[in-house]
Amino acid sequence: MKMSAEEISQVLKEGELEKRSDNLLQFWKRKTCVLTTDSLNIYADTQKRTKGKELKLQSIKKVDCVERTGKFVYFTIVTTDNKEIDFRCPGEDNCWNAVITMALIDYQNRKAIQDFKTRQDNESASPGQQERRMARAP
């Protein structure tokens with residue numbers, strides 16, 4: 001699967017990450033991950049990148065439970081529906097948790113600015129509402 005030039009320019013980080021499985025034994029499985037400005041894509045196959053899961057940044061509430069051991073950094077991604085997904089990465093200079101956190105903050109800031117501009121445009125489009133709001137104020 002080839003990525004377009006636009007998609008490549010939006011890639012923030014690409015590499016391997018280990019995800020804890022959801023089954024009873026909870027094995028750590030190595031995944032290839034691609035973090036873009038809008039989502040975290042998780043692929044089981046490193047070469048073909050097929051059957052990937054996309055975790056949109058809009059569905060992530062926070063990156064939580066960061067713990068550093070001798071070899072790994074463990075962290076949890078909490079989704080907006082309160083599901084927890086556990087990850088670990090080598091502790092050297094990988095810092096996936098920090099990059100995901102910064103991408104999430106950037107996404108939330110862009111969304112807040114967009115919402116503010118939309119609200120501002122709607123208010124300027126209908127000045128009658130602005131006058132009514134001011135008339136109701138104490």
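Residues numbered from 1 in each chain as written. Predicted model: local features only at pLDDT ≥ 70, side-chain atom pairs only at ≥ 80, totals over all residues. Heavy atoms only, no water.

## Some thoughts on the overall build of the protein chain
Right, on to step 1. Helix and strand counts for the protein chain come out as three helices and seven strands.
Right, on to step 2. Mapped from its N terminus to its C terminus, the protein chain presents α and β elements in the order α-β-β-β-β-β-β-β-α-α.
Right, on to step 3. Sorting the 138 residues of the protein chain into buried and exposed places 28% on the buried side.
Right, on to step 4. For the protein chain, the share of sequence-separated contacts (at least 6 apart) that also reach a separation of at least 24 residues comes to 35%. (Helix = DSSP H or I, 4+ residues; strand = E, 2+ residues; numbered from the N terminus. Buried < 20%, exposed > 50% of the residue type's maximum accessible area, 1.4 Å probe, protein only. Contact = heavy atoms within 4.5 Å.)

## Describing the nonpolar core
Right, on to step 1. Core analysis: the largest hydrophobic core is formed by 19 residues, its most contacted members being Leu17, Leu40, Phe75, Ile77, Trp96 and Ile100.
Right, on to step 2. Of all the secondary structure elements, the ones that give two or more residues to this core are strand 2 (28-36), strand 3 (39-43), strand 5 (60-68), strand 6 (72-79), strand 7 (84-90) and helix 2 (96-125).
Right, on to step 3. With five residues, the single largest contributor to this core is helix 2.
Right, on to step 4. Discounting residues that sit within four places of it in the chain, Phe75 has contacts with Leu17, Val63, Asp64, Cys65, Val66, Ile85, Asp86, Phe87, Cys89, Trp96, Asn97 and Ile100. (Core = buried A, V, L, I, M, F, W, Y, C linked by side-chain atoms within 4.5 Å.)

## Structural notes on the pairing of strand 6
Right, on to step 1. Burial of strand 6 is extensive: seven of the eight residues sit out of reach of the surface.
Right, on to step 2. Here strand 5 folds back onto strand 6 in antiparallel fashion, the turn holding three residues.
Right, on to step 3. Sheet topology places strand 6 next to strand 7; seven bridges connect them, and they run antiparallel. Residue pairing for strand 7: Ile77 is matched across the bridge by Ile85. (Pairing = 2+ DSSP bridges.)

## Side note on a nonpolar patch on the surface
Right, on to step 1. On the surface, a nonpolar cluster with roughly 400 Å² of combined accessible area is contributed by Leu24, Leu25 and Phe27.
Right, on to step 2. Among the structural elements, Leu24 can be located in the loop between strand 1 (11-20) and strand 2. (Patch = residues over 30% accessible without salt bridge, like charges linked within 9 Å, V, L, I, M, F, W, Y side chains within 5 Å. Areas by Shrake-Rupley, 256 points an atom, 1.4 Å probe, with all protein chains shown as cover. Salt bridge = Lys/Arg side-chain N within 4 Å of Asp/Glu carboxyl O.)

## Details of the pairing of strand 1
Within a regular strand, the side chains alternate between the two sheet faces.
Right, on to step 1. Note that strand 1 and strand 2 share nine bridges and pair antiparallel. Counterpart to Glu18 in the pairing with strand 2 is Arg30.
Right, on to step 2. Bridging between strand 1 and strand 7 involves two bridges; their strand directions are antiparallel. Looking across to strand 7, one finds that Lys19 is bridged to Phe87.

## Describing the side chain of Ser39
Right, on to step 1. Structurally, the position occupied by Ser39 is in strand 3.
Right, on to step 2. A relative accessible area of 2% places Ser39 in the buried class.
Right, on to step 3. In terms of polar contacts, Ser39 uses its side chain to reach the side chain of Asn41, at 3.4 Å.
Right, on to step 4. Polar side-chain contacts of Ser39 include one of 3.2 Å to the side chain of Glu54.
Right, on to step 5. Non-local contacts of Ser39, meaning those with residues more than four positions away in its chain, are made with Val34, Glu54, Leu55, Lys56 and Leu57. (Polar contact = N/O pair within 3.5 Å; in protein donor to acceptor, adjacent residues only side chain to side chain.)

## Focus on unusual backbone geometry
Right, on to step 1. For Cys65, which is not glycine, the phi dihedral falls at a positive 50°.
Right, on to step 2. Counting through the fold element by element, Cys65 comes out in strand 5.
Right, on to step 3. For Asn82, which is not a glycine, the phi torsion comes out positive at approximately 60°.
Right, on to step 4. Structurally, Asn82 can be placed in the loop between strand 6 and strand 7.
Right, on to step 5. Residue class for Asn82 comes out exposed when judged on its relative accessible area of 52%.

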